Structure formats: C-alpha cells, structure tokens
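Letter by letter, the chains look like this.
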Amino acid sequence: MQITPDFSLKNHNTFGIDAKAEFFVSVQTVEELTHALNLPGYSQKFILGGGSNMLLKKNIKGLVINLNLKGITVEEEDENHVWLRAAAGENWHEFVMYCVGNNYGGVENLALIPGNVGTSPVQNIGAYGVELKDSFESCEVVDRTTLETRTLSKAACNFGYRDSIFKNEDKGRYIITSVLFKLTKRDHELRTSYGAIQQTLDALGIDEPTLVDIANAVIYIRQQKLPDPKKIGNSGSFFKNPVVARNYLGTIQKNHPDAPFYEMGDDLVKIPAGWLIERAGFKGKRFGQAGVHDRQALVLVNHGGATGDEVWKVALEVQQAVQKEFGILLQPEVNIIE
Ligand code: EPU
C-alpha cells in the first residue's frame, strides 16, 4: 500500500478534470481499506470509486482512498438463478459483459455505463427500462462510524430513481466493498421495448435475441448518442430528469405541444432534461473547453483541459436558461465535489 503525495486525479474521474489529491492510496482488500481508514494525521479521507459520477471543482485535501477491490464469484446457484458477488473495484461494463458471456440475465440493458460495481448502488444506475435495484440482492459495506463490516439488504438501501440511502440519510457513512446480484440462468426476462432496443434488434435481423445481442444493441445505441469518456470527458447525464405535476406539463405544452414526457402515476410526469436543454438552445454549445454534448444535451463535456469550475459554469448557464424558459430548476445528478 503506497501513499503518493500530490497525485493527479485526471485518470481517476471520467470528466478528465486535472484536480489533485493531497495524498492518494489505492486499496485492494477490505483489510487494506480499514487500515487506510485508521491512518492518523490526515485532514480527511475521501473515498474514490470509478470517478464516473462526480465533478471535481477543486483539489482534494487529505487522503484519497481509491477502492481497487477485485473479484467476481458465484456465491450460490440453483436451477434458475445465480447469486453473483462482484467486488467494488470491478469495472461495471466488464462485469456486465462477464454476466452476458456466462448467460446470466438481469444487467444486460446496463451495458456501457461508466463506473465501477461499488458505486452502481449509490445512484441506482439505470438505462433502457432497467435499474440496478432489479437484480441487486445486497451489498457489503464498511461503516465509517464504527469501521465494522455490515450487509445491507435491498430494502435497507431504499432505492429510488437515481437515488438511495447512500445519497441521502447515510451519505458518506458506508463504503460499499462488494455487491451481491441475483441473476437468471434461464427464462430470462428480456426487456427490449424501451428506447430503440427493439428497433436495433430488428435492423440487425435478430428475432430471438440472446443476452449478448441485447447488450450489443444497448452498446450500439449508447455509442450513437453518448460520448466515450476516454475520448471526451463526461459523467453521463449531468442532471436528473425533472418530475412535475401533469398540470404544469399542460402549461409547457401551450408553447411546446411536442414536449416529450413519461407517465409517473399520481398525476406526475417526468420530462426529459435533455429535451429542455436542447429547447433552451444549449445543445452542442461550447464555452471554451467545456460545453454541452452535440448529440445528447443532458451530457456536459470536457473537450480537453477544462477545469471543474469551467464545467460547473456551463451547468449554471444551462440551469438558468432552462429555468427562465420553462420555470423548472434542473438538479444535478452528478456529485459536485467542492
Ligand atoms: N432528448 C432531446 N434532446 C436531447 C436529448 C434527449 O430532445 O439532446 C429527448 C429524446 O428525443 C427523447 C428523450 O429526450 O425523447 C429522452 O432521451 P434519452 O432516451 O436519451 O434518455 P434520457 O432521459 O435523456 C435517461 C438516463 C440515461 C440513460 C437513458 C436511456 C437520466 C438522468 N438519464 O436519459 O442515463 O442512458 O435514459 O435509458 O435518467 C446516465 O445516468 O448517466 C445516463 C446516461
């Protein structure tokens, strides 16, 4: 376990922001993690997973602990299901490809989402009609208040749309060290109706898709719209899709009869923030090295060398413009580190 001072985090956040850690250490086991948490003399300890859902607005003081725990193991299986445990430091997409390659169903629609397994429950990652919670069974955590390990059930995590206890009442308390998934071994529940999945499968002439086919369709669709963080820094959707009262949608539709929306029940609808941002005139807009992606306006990008503050400025511009045009205050989905 080597502690490096003045360490650039550029390769540890998908926005590619060149912020620095005062000290940096990478841990590979739960024991190393608790050891690092016990080290005296640091002003704070900052836990870093895949760095795929954060905007670093400044350097990080104290010790940055990078979770690099690896391993995927079958914990239990029966005729129909497998219970698979993946360590927090496993790359999410590689985990998905491991699952589809072994014909384990449940996460195939979540292909190509950046980040690591250990951070996937924090915001209950989701795409194409599937959320992490659908195959999540439990997770192992280290409780920072006691340094003890615990198991948290799905119910205890209180998952919601891009939401969980890890973002709310227990923010900062638990460090997720592994996740247990319950996946199907046969009679997979294929979800192809959302978005362009079915269309893509049809175009490829696939009538009876396998899990691999679905993952490939998702990869294809995502690559059309979403920038590859290895080429253009980004954190996926920067804002959440806002949920508003149906009446309010009516007001918006007076000026914008084509406004897209999803039914949420209880007289609530969700409006795609990407559409609001595009209509506010920000799609593809560039402010120096930071900007709004030209193919999906919900994604803010670092064209190279932007600072966290520069990206944040774009976020504020977008927020103000959407508020002015639609009276809706967009809420960031990414964690702003300041
Ligand atoms: N739209 C526009 N202009 C844009 C972007 C979108 O008009 O620039 C419209 C589209 O035409 C469509 C609607 O908005 O009618 C929805 O767009 P899309 O299918 O791209 O999905 P989204 O609601 O923008 C959400 C997730 C994505 C996820 C996709 C697909 C959130 C905040 N984002 O985006 O998640 O991949 O659905 O399921 O819920 C992420 O969280 O990082 C992420 C990429």
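To be clear, the structure that these remarks concern was listed above.
Every value quoted in this text rests on a predicted model; they were computed, and no experiment measured them.

### Looking at the packing of aromatic side chains
One pass over the structure, following the stated rule, counts 13 aromatic pairs. Centroid distance phenylalanine 15 to phenylalanine 238: 6.2 Å. Interplanar angle 70°. Geometry classified as edge-to-face. Of this pair, phenylalanine 15 sits in the loop between strand E1 (4-8) and strand E2 (20-27) while phenylalanine 238 sits in the loop between strand E13 (233-237) and strand E14 (243-245), placing them 223 residues apart in sequence. Residue classification places phenylalanine 238 among the buried residues on the basis of a relative accessible area of 0%. Ring centres of phenylalanine 282 and phenylalanine 287 lie 6.2 Å apart, and the angle between their planes is 20°; on these two criteria the pair is classed as stacked. The buried category is assigned to phenylalanine 282, whose relative accessible area is 7%. With a relative accessible area of 32%, phenylalanine 287 lands in the partly exposed category. Of note, lysine 270 hangs over the ring of tyrosine 161, and the distance from its end group to the ring centre comes to 3.3 Å. Sitting over the ring of phenylalanine 282, lysine 285 keeps its end group 4.5 Å from the ring centre.

### Overview of a nonpolar patch on the surface
A surface patch of nonpolar side chains, amounting to about 220 Å² of accessible area, comprises Val243, Met264 and Leu268. One can find leucine 268 in strand E16 (residues 268-270).

### A word on the environment of glutamine 323
In this fold, glutamine 323 is placed in helix H8 (residues 308-326). The partly exposed category is assigned to glutamine 323, whose relative accessible area is 38%. Along the sequence, glutamine 323 and serine 235 sit 88 residues apart, while their C-alpha atoms lie 22 Å from each other. Glutamine 323 has contacts with Ile328 and Leu329, leaving out every residue within four places of it along the chain.

### A word on the pairing of strand E7 (residues 81-87)
Judged by how many residues are buried, E7 sits mostly within the fold: 6 of 7 residues are covered. Relative to E7, strand E6 (residues 72-77) runs antiparallel, the two being bridged by 5 bridges. By the bridge assignment, threonine 73 is partnered in E7 with arginine 85. Taken together, E6 and the strand that follows it, E7, pair antiparallel across an intervening segment of 3 residues. As paired elements, E7 and strand E12 (residues 174-184) share 7 bridges and run antiparallel to each other. Within E12, the residue paired with tryptophan 83 across the bridge is lysine 182.

Definitions and limits used
- Residues numbered from 1 in each chain as written.
- Predicted model: local features only at pLDDT ≥ 70, side-chain atom pairs only at ≥ 80, totals over all residues.
- Heavy atoms only, no water.
- Phe/Tyr/Trp six-rings, centres within 6.5 Å; stacked < 30°, edge-to-face > 60°.
- Helix = DSSP H or I, 4+ residues; strand = E, 2+ residues; numbered from the N terminus.
- Buried < 20%, exposed > 50% of the residue type's maximum accessible area, 1.4 Å probe, protein only.
- Lys NZ or Arg CZ within 6 Å of the ring centre and 35° of its normal.
- Patch = residues over 30% accessible without salt bridge, like charges linked within 9 Å, V, L, I, M, F, W, Y side chains within 5 Å.
- Areas by Shrake-Rupley, 256 points an atom, 1.4 Å probe, with all protein chains shown as cover.
- Salt bridge = Lys/Arg side-chain N within 4 Å of Asp/Glu carboxyl O.
- Contact = heavy atoms within 4.5 Å.
- Pairing = 2+ DSSP bridges.

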